[in-house]
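One-letter residues, chain by chain:
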Amino acid sequence: MLTLMRTIACILLALVFMAPAHAGVLNKQDLMRRFPAPMMVGERDSGLPVWPLFRQNGTVTELAGYAFESLDLAPVPGFSGVPLNLLVAIDAQGGFLEVAVLSHHEPVFLDGLGEEPLLQFVRQYKGLSLKQNIGIDNGAAHARWQDEAHARIDGVAKATASVRIINQSVLAAALQVARTKLGFAQGRDPDMIARVRPELFEAMTLAQLLDAGLVRHLRVTQREMERLFKGSAGAGLDAQALSRPDEVFLDLYVALVSVPTAGRNLLTPRGWRTLAGRMNPGDHALLLISSGTWSLSGENFVRGSVPDRALLKQDGLPLEMRDLDLELALNDTALQGYSVQALRVISQAGLDPAGALELSFPVTRNKGVIYPERIVRDLQLSYRVPARFYVAAQGGSKSWDGVWQERRYELLALVFILALLGAALTLQRRLTARAGRFKMFRLGFLLLTVGFVGYAAQGQLSIVQLTGALQALMAGRSLAFLLFDPVSALLWVFVLVSLLLWGRGTFCGWLCPFGALQELVGKAARLLRVPQWRLGRIADARLKWLKYVLLAVIVISALWPGSVTDLLLELEPFKTAITLNFVRSWPFVAYAAGLLLASAFVYKFYCRYLCPLGALLALMGKLRMLNWIPRRAECGTPCQTCRHRCDYQAIKPGGEIVYAECFQCMDCVVIHASDTQCAPLIMERKLARTIPIVSASGSRR
Ligand code: SF4
Ligand code: SF4
């Protein structure tokens, strides 16, 4: 068996690397149809996969925006593991002109909820802007609202993970284009940026500002500058540095004056008002107060432009700073005579006051005249706003961690349920000691699995997660998309651990909502005396192979993403029965209901013979470490009690447990512990109760 599994694994691996990769699908003609006159579509950009859109304005042809496919810029795998492809168009100010679905494989929208809710969802972006922090409201319907800085759009019930992934794809792709093409120096999600506390002001002197870290100081002498060029072609080129080594090359004070305590203490009240008058909501300003032989402005600097002698980065990405061309006066007389430069960072650039700002001041020395060699050395300064002067990001992350945050109570409840199950299964002796109590516990747990894990938390694991992961890996994408469904992610972790300990039974016997539903139907059927059909041993064993065949077909089809896989995945009734509460077109409802009905006659029919996920877990269960089902010598030889009582026919005539088919229902464990059910124990008890006949001579007969 192990060699067979290894061979299958090798074949799968080989096929993985042979499978085709993904790319955008639209061409210029398609775009021209979507953006007809007066819009004009330019040639596709060679650097970035975008099409410029132009508009004729009188005799002037002006840039109207850009159109692009999310697949090319932010191929975030959808819930099916295959990225959705969305056409996105933004105008030159970052406003959304258009968002449309080009392709998707989202199970919930494929004959689930249907495509209309998906199309309605993406239509909401039109008219919104990247300047707003766009959030999804999964609560009340029609909760849409917006103001200058914020926008809330309606989510889609039962499709939380998918719409979050769509939102992230749209924003990530658009922010990338905005950053590269529209001067949005850095495409950061506005929702994830801390906000400076405008109301907080503490009177401070320059020394106190330095102590607090609101002002950073950098003082460099000529000697230190010369040392910086040591060993380079620039060494010794600056005669002034050599002749007056102790002279101050640069004496610099830097402050983020959009923080009121820094701005209002450094600048005169008039200076502060002048600066505030030039700032838009969310903008930041850095104040560079400098003196020394080296000027930050430089001889070619044009006021109001982007300085080339002062650069800013955050998280390794450049943030554009533009000179505000302001004459600002300082409060502190000690800084009289210093040059003061205020540089603005626009809100779209996404400067996060909670993060470290990396400033660098490139000093250039030229060697030679005709074709001078430029040798550059950077002076570096790091700046971080103390925590009490800003409010950490409030909004939910557009990424997966926002979903975990939002669903934390469900996750806590799930952790409790999993801990309860883990403890119960570990203490199986105590759990099964009293058959009646165990029965109640199991029934209660199955109801919890259907009610909470299934319908409330939507934690129905599915083969879709396997095919999704496979397709993401084949296309070289991360598996982070699985984290958009935290309940399933947590369940998978628990299931993988339980597979190593106990095998497939923990999930299939206790945690699968559809499995539990079948079991409850089976139990109800027995109560109602519905005739039960138990296949013969050989027929049962043969039919059980079917699920492995179905698994293989689905996995192989997934190597070539396309509609075949979507169709094959419908073999699983989970989407109909659990995700969509049977609210779906009749063929799917009939199929799912038919399987439940079948389990009224053949115990857990779908689980034992058809379920590809069950087959996968059975295969993974081969890694199981514990033979946790207690046996005794008589099991199978000759006692057949458990074998006959095992509803899953997971015990061989010889007494051996077929763990791949065991659902950890514990029935045989209860029997094993019961001296009223376990034949050898019954015999032992009978023998123990037998009063030996003692002859007159005292010997027993
Ligand atoms: S076999 Fe399939 S349906 Fe049954 S419990 Fe396991 S995963 Fe669920
Ligand atoms: S009766 Fe025993 S062998 Fe059969 S499924 Fe239950 S725990 Fe497994």
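This is a predicted model, so every value here is computed, not measured.

A.B. asks: Mind showing me how you'd approach the overall build of the chain here?
C.D. replies: Counting its secondary structure elements, the chain contains 28 helices and 19 strands. Across the 701 residues of the chain, 51% fall into the buried class. Pairs at least 24 apart in sequence give 69% of the contacts found in the chain among residues at least 6 apart. Here the chain displays about 32,700 Å² of accessible surface, and carbon together with sulfur accounts for 61% of that area.

A.B. asks: I would appreciate a short explanation of the pattern of salt bridges in the present structure.
C.D. replies: Think of it this way: side chains of opposite charge can pair up when their charged atoms draw near. Under the criterion given, the structure shown has 28 salt bridges. Across the pair Asp323 and Arg303 runs a salt bridge, and its minimum N-O distance is 3.8 Å. In this pair, Asp323 is assigned in strand β15 (residues 322-323) and Arg303 in the loop between β12 (284-291) and β13 (311-314), connecting sequence segments 20 residues apart. Of the residues examined, Asp323 reaches a relative accessible area of 4% and is grouped as buried.

A.B. asks: Explanation requested: the sheet that holds strand β17 (residues 357-367) in the structure shown.
C.D. replies: Paired through backbone hydrogen bonds, the strands of a sheet run either parallel or antiparallel to each other. Strands sit in the order β14-β13-β17-β18 across an open sheet of four strands; the sheet is antiparallel. The open sheet has two free edges, formed respectively by β14 (317-319) and β18 (373-383), since each of these has just one partner strand. Mean inter-strand twist for the sheet, computed between neighbouring axes without regard to direction, equals 35 degrees.

A.B. asks: Looking at this model, I keep getting lost on a nonpolar patch on the surface. Mind explaining?
C.D. replies: Taken together, the side chains of Leu500, Leu623, Met625 and Leu626 make up a nonpolar region of the molecular surface, amounting to roughly 390 Å² of accessible area. Mapped onto the fold, Leu623 is located in the loop between α25 (612-620) and α26 (641-645).

A.B. asks: Whenever I open this one, the sheet that holds strand β11 (residues 248-256) confuses me. Can you help?
C.D. replies: A sheet is described by the order of its strands in space; here five strands give the open sequence β10-β11-β12-β16-β15, paired in antiparallel fashion. Looking at which strands have only one partner, the edges of the open sheet turn out to be β10 (215-221) and β15. Sheet topology places β15 next to strand β16 (residues 339-345); two bridges connect them, and they run antiparallel. Bridge pairing in β16 places Arg322 opposite Arg344.

A.B. asks: Before we go on, may I ask you to explain the environment of Leu482 in this structure?
C.D. replies: With respect to the helices and strands, the residue Leu482 is situated in the loop between α15 (463-474) and α16 (486-501). With a relative accessible area of 24%, Leu482 lands in the partly exposed category. Between the alpha carbons of Leu482 and Ala161 there is a distance of 9.1 Å; along the sequence they are 321 residues apart. Leu482 has contacts with Gln465, Ala469 and Ala489, leaving out every residue within four places of it along the chain.

A.B. asks: It is not clear to me how the environment of Val453 should be interpreted in this structure. Could you clarify?
C.D. replies: Within the fold, Val453 resides in helix α14 (residues 435-456). On a C-alpha basis, the gap between Val453 and Ile417 in space is 9.2 Å, while along the polypeptide they are 36 residues apart. When sequence neighbours within four positions are dropped, the list of residues in contact with Val453 reads Leu414, Leu448, Gln458, Gly459, Gln460, Leu491, Leu511 and Pro513.

A.B. asks: What is the right way to read the site of ligand 2 from this model?
C.D. replies: Close to ligand 2 lie Ile629, Cys646, Tyr648, Ile651, Cys662, Phe663, Gln664, Cys665, Met666, Asp667 and Cys668, which account for all nearby residues. A per-class count over the shell around ligand 2 returns nine nonpolar, one polar and one charged.

A.B. asks: Can you help me understand the nonpolar core in this one?
C.D. replies: The nonpolar side chains of a soluble globular protein tend to be buried, and buried together. In this structure, Phe507, Leu511, Phe514 and Leu613 are the most contacted members of the largest nonpolar core, which totals 83 residues. Element by element, the count of residues in this core is highest for helix α12 (residues 408-426), at seven residues. Once you skip the residues sitting within four places of it in the chain, Phe507 turns out to touch Gln460, Leu461, Val495, Cys512, Leu613 and Leu617. Formed by 59 residues, the second largest nonpolar core is a distinct cluster that contains Ala194, Leu214, Phe249 and Ala262.

A.B. asks: Any chance you could explain the packing of aromatic side chains here in plain terms?
C.D. replies: Each pair of aromatic rings is reported with the distance of its centres and the angle of its planes. Inspection of the entire model under this criterion finds 16 aromatic pairs. Judged by centre distance (6.3 Å) and plane angle (65 degrees), the ring pair of Phe438 and Trp510 falls under edge-to-face. Of this pair, Phe438 sits in helix α14 while Trp510 sits in helix α17 (residues 505-511), and the two are 72 residues apart along the sequence. With a centroid separation of 5.7 Å and 90 degrees between ring planes, the pair formed by Phe514 and Tyr606 is classed as edge-to-face. In this pair, Phe514 sits in helix α18 (residues 513-527) while Tyr606 sits in helix α24 (residues 605-609), placing the two residues 92 residues apart along the sequence. In this structure, Phe514 and Tyr606 share a single accessibility class: buried. In this structure, Arg442 packs its charged tip against the face of Trp510, placed 4.5 Å from the ring centre. Between the NZ or CZ atom of Arg624 and the centre of the ring of Tyr659, over which it lies, the distance is 3.8 Å.

A.B. asks: Would you mind going over the environment of Arg278 with me for this structure?
C.D. replies: If you trace the backbone, Arg278 turns up in the loop between α10 (269-277) and β12. Each C-alpha atom of the pair Arg278 and Leu324 lies 7.8 Å from the other, and the pair is 46 residues apart in sequence. In this view, Arg278 contacts Leu324, Leu326 and Arg344; residues no more than four positions away in its chain are not counted. Within the structure, Arg278 has its side chain in polar contact with the backbone oxygen of Leu324 (distance 3.0 Å).

A.B. asks: Looking at this structure, I do not really get the confidence of the model for the chain. What am I missing?
C.D. replies: Low-confidence regions, as indicated by low pLDDT, have predicted coordinates that should not be scrutinised in detail. Confidence in the prediction for the chain averages 85 pLDDT; 89% of positions are at 70 or higher. Overall, residues 12-22 carries pLDDT values under 50, and its contacts beyond four positions in sequence, including any with other chains, amount to 15 contacts.

A.B. asks: Just checking my understanding: could you explain helix α4 (residues 116-123) for this structure?
C.D. replies: The periodicity of an α-helix, 3.6 residues per turn, causes residues three or four positions apart to be oriented the same way. Looking at α4, one finds that the buried residues are Leu118, Phe121 and Val122. Seen end-on, α4 carries its buried residues on one side only, within an arc spanning 90 degrees.

A.B. asks: Which parts of the structure should I look at to understand the packing of α15 against helix α20 (residues 546-558)?
C.D. replies: Relative orientation and spacing of two packed helices are given, respectively, by the angle between their axes and the distance between those axes. Two numbers describe how α15 lies on α20: the axes approach to 9 Å, and their chain directions differ by 30 degrees. Between α15 and α20, the crossing angle belongs to the class labelled roughly parallel. Note that α15 runs across α20; the crossing there is right-handed. Here Ile463, Leu466, Thr467, Leu470, Gln471 and Met474 of α15 come into contact with α20, specifically with Leu551, Ile554, Val555 and Ala558. Here the residues of the contact of α15 with α20 are counted per class, giving eight nonpolar, two polar and no charged.

A.B. asks: How do you make sense of α15 when you look at a structure like this?
C.D. replies: With twelve residues, α15 should reach 16 Å at 1.5 Å per residue; the first-to-last C-alpha distance of 17 Å fits that figure. A large share of α15 lies buried, amounting to ten of its twelve residues. Taken residue by residue, α15 has Ile463, Val464, Gln465, Thr467, Gly468, Ala469, Leu470, Gln471, Ala472 and Met474 as its buried positions. Between the side-chain oxygen at the start of α15 and the backbone nitrogen of Val464 there is a gap of 2.9 Å, and the oxygen is on Ser462. A positive phi of about 70 degrees marks Gly476, the residue just after α15.

A.B. asks: Explain the pairing of β13 to me, please; I cannot follow it from the model alone.
C.D. replies: A regular strand places its side chains on the two faces of the sheet in alternate fashion. Of the two faces of β13, the one holding Leu312 and Gln314 is buried and the one holding Leu311 and Lys313 is not buried anywhere. In this structure, β13 lies alongside β17, joined through three bridges in antiparallel fashion. Bridging from a neighbouring strand, Leu311 pairs with Ser360 of β17. As defined by bridge partners, β13 adjoins β14 across three bridges and the pair is classed as antiparallel. Bridging across to β14, Leu312 finds its partner in Leu319. Hairpin remark: β13 followed by β14, antiparallel, with two residues in the connecting loop; positive phi at Asp315, about 50 degrees.

Rules used in this analysis
Residues numbered from 1 in each chain as written. Chains lettered and ligands numbered in written order. Predicted model: local features only at pLDDT ≥ 70, side-chain atom pairs only at ≥ 80, totals over all residues. Heavy atoms only, no water. Helix = DSSP H or I, 4+ residues; strand = E, 2+ residues; numbered from the N terminus. Buried < 20%, exposed > 50% of the residue type's maximum accessible area, 1.4 Å probe, protein only. Contact = heavy atoms within 4.5 Å. Areas by Shrake-Rupley, 256 points an atom, 1.4 Å probe, with all protein chains shown as cover. Salt bridge = Lys/Arg side-chain N within 4 Å of Asp/Glu carboxyl O. Pairing = 2+ DSSP bridges. Axes fitted to C-alpha atoms, helices over the stretch in contact; angles between N-to-C directions. Patch = residues over 30% accessible without salt bridge, like charges linked within 9 Å, V, L, I, M, F, W, Y side chains within 5 Å. Near = heavy atom within 4 Å. Nonpolar A, V, L, I, M, F, W, Y, C, P; charged D, E, K, R; others polar. Core = buried A, V, L, I, M, F, W, Y, C linked by side-chain atoms within 4.5 Å. Phe/Tyr/Trp six-rings, centres within 6.5 Å; stacked < 30°, edge-to-face > 60°. Lys NZ or Arg CZ within 6 Å of the ring centre and 35° of its normal. Polar contact = N/O pair within 3.5 Å; in protein donor to acceptor, adjacent residues only side chain to side chain. pLDDT = per-residue confidence, 0-100. Arc of directions from axis to C-beta. Parallel < 35°, antiparallel > 145°, perpendicular 65-115°, else oblique. Left-handed = near helix turned anticlockwise from the far one by under 90°. Expected span 1.5 Å × (residues − 1).

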